[in-house]
Amino acid sequence: NNLLVGTVDKHKESVIMPWQSVSALFVVGGMFNVVAGLVGGIHYLSEGKSKELGMCENEFKYRMEKRDVTYNKFAEEVRKSMN
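In this text, all values refer to a predicted model and were calculated from it rather than measured experimentally.

What to know about the overall build of the protein chain
When helices and strands are counted, the protein chain shows three helices and zero strands. Going residue by residue from the N terminus, the α and β elements of the protein chain occur as α-α-α. Counting the 83 residues in the protein chain, one finds 2% classified as buried. Of the roughly 7,900 Å² that the protein chain leaves accessible, carbon and sulfur atoms contribute 66%.

And the structure:
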């Protein structure tokens, strides 16, 4: 099973990875993709819109939407008071 039995170079022994670990690497890689998909899907279900990429962009858009709601509310109050 071990092809390097009796070799003097210990560095080569530590570099070789058994082929049985390939399936574990596929599982780990697949889970990274599944989790990324779940995060996007859960965000879409909770917020009703797709998730933006980047943390700063999300914060900026959130604050701009909040500002617009407040602005429109006050604009509507001013319009009502003018009539």
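A closer look at helix α2 (residues 22–47)
Between its first and last C-alpha atoms α2 spans 38 Å; for 26 residues at 1.5 Å apiece the expected length is 38 Å, and the two agree. After α2 finishes, the residue G48 shows a positive phi value of roughly 80°.

A word on the packing of aromatic side chains
For the structure shown, the criterion picks out zero aromatic pairs. Across the ring face of F74, the terminal group of K73 is positioned such that the distance to the ring centre comes to 5.1 Å.

Some words on a nonpolar patch on the surface
Taken together, the side chains of V27, M31, V34, L38 and I42 present a nonpolar region at the surface, about 470 Å² in accessible area. Take M31: it is sitting in helix α2. Take M31: its relative accessible area is 44%, and that puts it in the partly exposed class.

Some thoughts on the pattern of salt bridges
For the structure shown, the criterion picks out two salt bridges. A salt bridge links D68 to R67; the shortest N-O distance between them is 2.7 Å. The residue R79 makes a salt bridge to E76 at a minimum N-O spacing of 3.7 Å. Here the residue R79 and the residue E76 both occupy positions in helix α3 (residues 55–82), the gap between them amounting to three residues, near one helical turn. Its relative accessible area of 39% is what places E76 among the partly exposed residues.

Looking at the confidence of the model for the protein chain
One rule of thumb: low pLDDT means the predicted coordinates there are not for detailed reading. Mean pLDDT over the protein chain: 80, with 73% of residues reaching 70 or higher. Between the elements of the protein chain, mean pLDDT differs from a low of 56, seen in helix α1 (residues 10–15), to a high of 89, seen in α2.

Section: the environment of V39
Inspection of the secondary structure puts V39 in helix α2. For V39, a relative accessible area of 44% corresponds to the partly exposed category. Along the backbone, V39 and K51 are 12 residues apart, and their C-alpha atoms lie at a distance of 8.7 Å.

About the criteria used
Residues numbered from 1 in each chain as written. Predicted model: local features only at pLDDT ≥ 70, side-chain atom pairs only at ≥ 80, totals over all residues. Heavy atoms only, no water. Helix = DSSP H or I, 4+ residues; strand = E, 2+ residues; numbered from the N terminus. Buried < 20%, exposed > 50% of the residue type's maximum accessible area, 1.4 Å probe, protein only. Areas by Shrake-Rupley, 256 points an atom, 1.4 Å probe, with all protein chains shown as cover. Expected span 1.5 Å × (residues − 1). Phe/Tyr/Trp six-rings, centres within 6.5 Å; stacked < 30°, edge-to-face > 60°. Lys NZ or Arg CZ within 6 Å of the ring centre and 35° of its normal. Patch = residues over 30% accessible without salt bridge, like charges linked within 9 Å, V, L, I, M, F, W, Y side chains within 5 Å. Salt bridge = Lys/Arg side-chain N within 4 Å of Asp/Glu carboxyl O. pLDDT = per-residue confidence, 0-100.

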